[in-house]
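# Structure at a glance
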Amino acid sequence: FFRWYWQKEKRAPYVKFMEANYPPGFRYEDFGPLFTAEFFDPNQWADILKASGAKYVVLTSKHHEGFTLWGSKYSWNWNAVDVGPKRDLVGELATSIRNRTDLHFGLYHSLFEWFNPLFLEDVTNAFKTRMFPTSKSLPELYEIVTKYQPEIIWSDGNGNAPDSYWNSTGFLAWLYNDSPVRDTVVTNDRWGVGSICRHGGFYTCSDRYNPGHLLPHKWENCMTIDKQSWGYRRDAKLDDYLTIEELVKQLVETVSCGGNLLMNIGPTRDGRIAAIFEERLRQMGTWLQVNGEAIYGTTPWRAQNDSITPEVWYTSQPREGRVFALFLNWPISGTLALGEPQAMLGETEVRLIGHKELLKWAALEEKGMVVALPQLSLKQLPCQWGWALQMTNV
């Protein structure tokens, strides 16, 4: 977004920064050779992503400024093979992900480009002409699907144009019927004006979307660890990053309401995942190693959050007859009151995930139950940020 703020909106801090730090006449295109990626190690990236507990990864193959991270023949001299790194970054990461992990590999692709003259001409013609999608955007989509066979296509940026301008239905028909990934691919809901939150394999609805209630359609909360940015910011402060406690909360709330969590990190221009992002990803993986059974392969329960204790969220595995109560605060009293589960004497069993013994519980008068949590020292706690009860026969 730097380019938009600097060149289109001409925001004072961006204009002043460029005037103070770059020579007169420096253009956005001159950043191309400065994007070097000399420390980019796709194997290291794959290992960090695997350690995070993620099940899929979505790489930004091209954002709204049009620079492609693969050597696209439709983006001549404005791609990572011709300029800057001189490497096929998409291909390298795809190979490492597939060789070293069981993650599903996905690609983000922006339909429109802010300053592409062909797009701007179509805008002037009120989208009656379709020079940009036919010569740039659509050929790129066919190219990345055929070449890299991503299992997720994360489309973005409709440029205020309808899906008919983008020929989204034509592309999607090919994707699901004839493409090499027709049997495995999933897509989001950003395919033209009016399609978001209405049409798509999964809905995103808006950036950082977290409704706090159940949605009738599969959805995804795409959000950023840096609260203010999707890219890497050299001037970011520690307070600008979500803590692991806040990230676990996002995950628990999202999954209990039927969503997936897509946590964004911004790599550096020299190709690194900054240490703060690596730490957050590895912390999430540590938490999921303990509590994964309350997250992976679960479905929403009849109640998403508890009616008497705040910060308690539910997931379920109906086939196994399990309900999970994920609680974000360890109660000082040592007992956790739950208003939603109906417990049955002699049948209901409760355990703390990561702790061996069954827990004692008592039914409340109307409905609900009180669970006696084990008395554990800090070192004995199965994890440090948020815990999960597994309940059977409730």
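Per an unreviewed UniProt entry, the chain goes by the name alpha-L-fucosidase and belongs to Tinamus guttatus. UniProt, in the comment section headed Sequence similarities (unreviewed entry), describes the chain in these words: "Belongs to the glycosyl hydrolase 29 family."

## Structural notes on the overall build of the chain
Regarding its fold elements, the chain presents 10 helices and 13 strands. Radius of gyration (C-alpha) of the chain: 24 Å, near the 21 Å computed for a compact globule of 394 residues. Over its C-alpha atoms, taken along the principal directions, the chain stretches across nearly 75 × 45 × 40 Å. Across the 394 residues of the chain, 51% fall into the buried class. Contacts in the chain between residues far apart in sequence, at least 24 positions, make up 64% of those at least 6 positions apart. Carbon and sulfur atoms provide 52% of the accessible area of the chain, an area that totals close to 19,200 Å². Each charge class in the chain was averaged separately, 40 positive and 45 negative side chains, and the resulting centres sit 2 Å apart.

## Observations regarding the UniProt feature "domain: Glycoside hydrolase family 29 N-terminal" (unreviewed entry) in the chain
Here, UniProt's "domain: Glycoside hydrolase family 29 N-terminal" (unreviewed entry) annotation points to residues 3-293. As annotated, residues 3-293 has a helix share of 37% and a strand share of 11%, and its two end C-alpha atoms lie 43 Å apart.

## A few points about the environment of aspartate 306
Its place among the elements puts aspartate 306 in the loop between helix 10 (275-291) and strand 7 (312-317). Linking aspartate 306 and lysine 227, residues 79 residues apart in sequence, is a C-alpha distance of 27 Å. Looking at aspartate 306, its side chain comes within polar contact range of the main-chain nitrogen of glutamate 340, at 3.2 Å.

## Points about the domain arrangement of the chain
Interfaces are often sized by the accessible area lost when the parts come together. The domain boundaries assigned to the chain delineate domain 1 (1-293) and domain 2 (299-392). A straight line from the C-alpha centre of domain 1 to that of domain 2 covers 37 Å. Counting from both sides, the interface comprises 17 residues of domain 1 and, opposite them, 20 residues of domain 2. On the domain 1 side of the contact with domain 2, Ser256, Trp287 and Glu293 bury the most area, a combined 36% of that side's loss. There are two salt bridges connecting domain 1 and domain 2. A salt bridge links lysine 249 to glutamate 311, with the shortest nitrogen-to-oxygen separation between them at 3.7 Å. Taken together, the links from domain 1 to domain 2 amount to four residue pairs in polar contact (both at pLDDT 80 or more). Elements with a contribution of two residues or more to the side of domain 1 that touches domain 2: helix 9 (244-256) and helix 10. Looking at which element gives the most residues to the side of domain 1 that touches domain 2, the answer is helix 9, with eight residues. When its residues are assigned to classes, the side of domain 1 that touches domain 2 shows eight nonpolar, five polar and four charged.

## Quick word on the state of the cysteines
All told, the structure shown has one disulfide when counted by the stated rule. What pairs with cysteine 197 in a disulfide is cysteine 205, and their sulfur atoms sit 2.0 Å apart. Disulfide cysteine 197 to cysteine 205: torsion about the S-S bond roughly 65 degrees, handedness right-handed. Using a relative accessible area of 13% as the deciding quantity, one classes cysteine 205 as buried. Take cysteine 257: it sits in no disulfide, and the sulfur closest to it among the cysteines is that of cysteine 205, at 13 Å. Classification of cysteine 257 by relative accessible area gives buried; the value is 0%.

## Here's the deal with the UniProt feature "domain: Alpha-L-fucosidase C-terminal" (unreviewed entry) in the chain
Summarizing the sequence annotation, UniProt attributes the feature "domain: Alpha-L-fucosidase C-terminal" (unreviewed entry) to residues 304-392 in the numbering used throughout. With 0% helix and 37% strand, residues 304-392 has end C-alpha atoms that lie 17 Å from one another.

## A look at helix 3 (residues 42-51)
Residue pairs spaced three or four apart in an α-helix point in one direction, given the helix's 3.6 residues per turn. Of all the residues in helix 3, the buried ones are Pro42, Trp45, Ala46, Ile48 and Leu49. All buried residues of helix 3 fall inside an arc of 165 degrees around its axis, so they share one side. Buried residues along helix 3 sit in contact with strand 1 (56-62), helix 4 (89-100) and helix 10. Following helix 3 by one or two positions, glycine 53 has its phi on the positive side, about 85 degrees.

## Some remarks on the pattern of salt bridges
Applying the stated criterion across every chain yields a total of 21 salt bridges. A salt bridge links lysine 136 to glutamate 140; the shortest N-O distance between them is 2.3 Å. Taken as a pair, lysine 136 and glutamate 140 lie in helix 6 (residues 131-148) at a separation of four residues, close to a single helical turn. Neither lysine 136 nor glutamate 140 differs from the other in exposure class; each is buried. Among the ionic contacts, a cluster of salt bridges with common partners joins Lys62, Glu113, Lys136 and Glu140.

## Thoughts on the sheet that holds strand 12 (residues 369-372)
The antiparallel open sheet is built from three strands, whose spatial order is 9-12-11. Of all the strands in the sheet, the pair left with one neighbour each is strand 9 (335-338) and strand 11 (361-363). For this sheet, the mean inter-axis angle between neighbouring strands, taken without regard to orientation, is 15 degrees.

Conventions and cut-offs
- Just so you know, the residues in each chain are numbered from 1, in the order the chain's sequence is written.
- Side-chain atom pairs in this predicted model are given and counted only at pLDDT of 80 or more, local residue features only at pLDDT of at least 70, and totals for whole chains, interfaces and linings cover all residues.
- Think of the side-chain values as coming from all heavy atoms in the structure, minus any hydrogens and water.
- UniProt positions are given in the numbering used here, feature names are shortened, and annotations may be inferred rather than shown by experiment.
- To qualify as a helix, a DSSP run of H or I must reach at least 4 residues; to qualify as a strand, a run of E must reach at least 2; elements of each kind are numbered from the N terminus.
- The size measure is the radius of gyration over C-alpha atoms, and the globule rule it meets is 2.2 Å times the number of residues to the 0.38 power.
- Only protein chains enter the accessibility calculation, which uses a 1.4 Å probe; a residue whose area is less than 20% of its type maximum is buried, one above 50% is exposed, and one in between is partly exposed.
- Whether two residues are in contact is decided by their heavy atoms, any of which lying within 4.5 Å being enough.
- Note on areas: these come from Shrake-Rupley sampling with a 1.4 Å probe, and a residue is covered only by the protein chains present in the view.
- Counted as positive: Lys and Arg. Counted as negative: Asp and Glu, with His and the chain ends omitted from the count.
- The atom standing in for a charge is NZ when the residue is Lys, CZ when it is Arg, CG when it is Asp and CD when it is Glu.
- Residues adjacent in sequence count toward polar contacts only when both atoms are side-chain atoms; beyond that, a polar contact is any pair of N or O atoms within 3.5 Å, and within protein one must be able to donate a hydrogen and the other to accept it.
- Domain delimitation follows an automatic or database domain assignment.
- Note on definitions: buried area is the accessible-area loss of two parts on being combined, 1.4 Å probe, summed for both.
- Every case where a carboxyl oxygen of Asp or Glu lies within 4 Å of a side-chain nitrogen of Lys or Arg is listed as a salt bridge.
- Each residue is assigned to one class: nonpolar for Ala, Val, Leu, Ile, Met, Phe, Trp, Tyr, Cys and Pro, charged for Asp, Glu, Lys and Arg, and polar for all the others, Gly among them.
- Only a pair of cysteine sulfur atoms within 2.5 Å counts as a disulfide in this structure description.
- By definition, the arc is the one covered by directions from the helix axis to the C-beta atoms.
- Following DSSP output, two strands are said to pair if at least two bridges run between them.
- Lines fitted to C-alpha atoms define the axes, with helix axes restricted to the stretch in contact, and inter-axis angles between N-to-C directions lie between 0 and 180 degrees.

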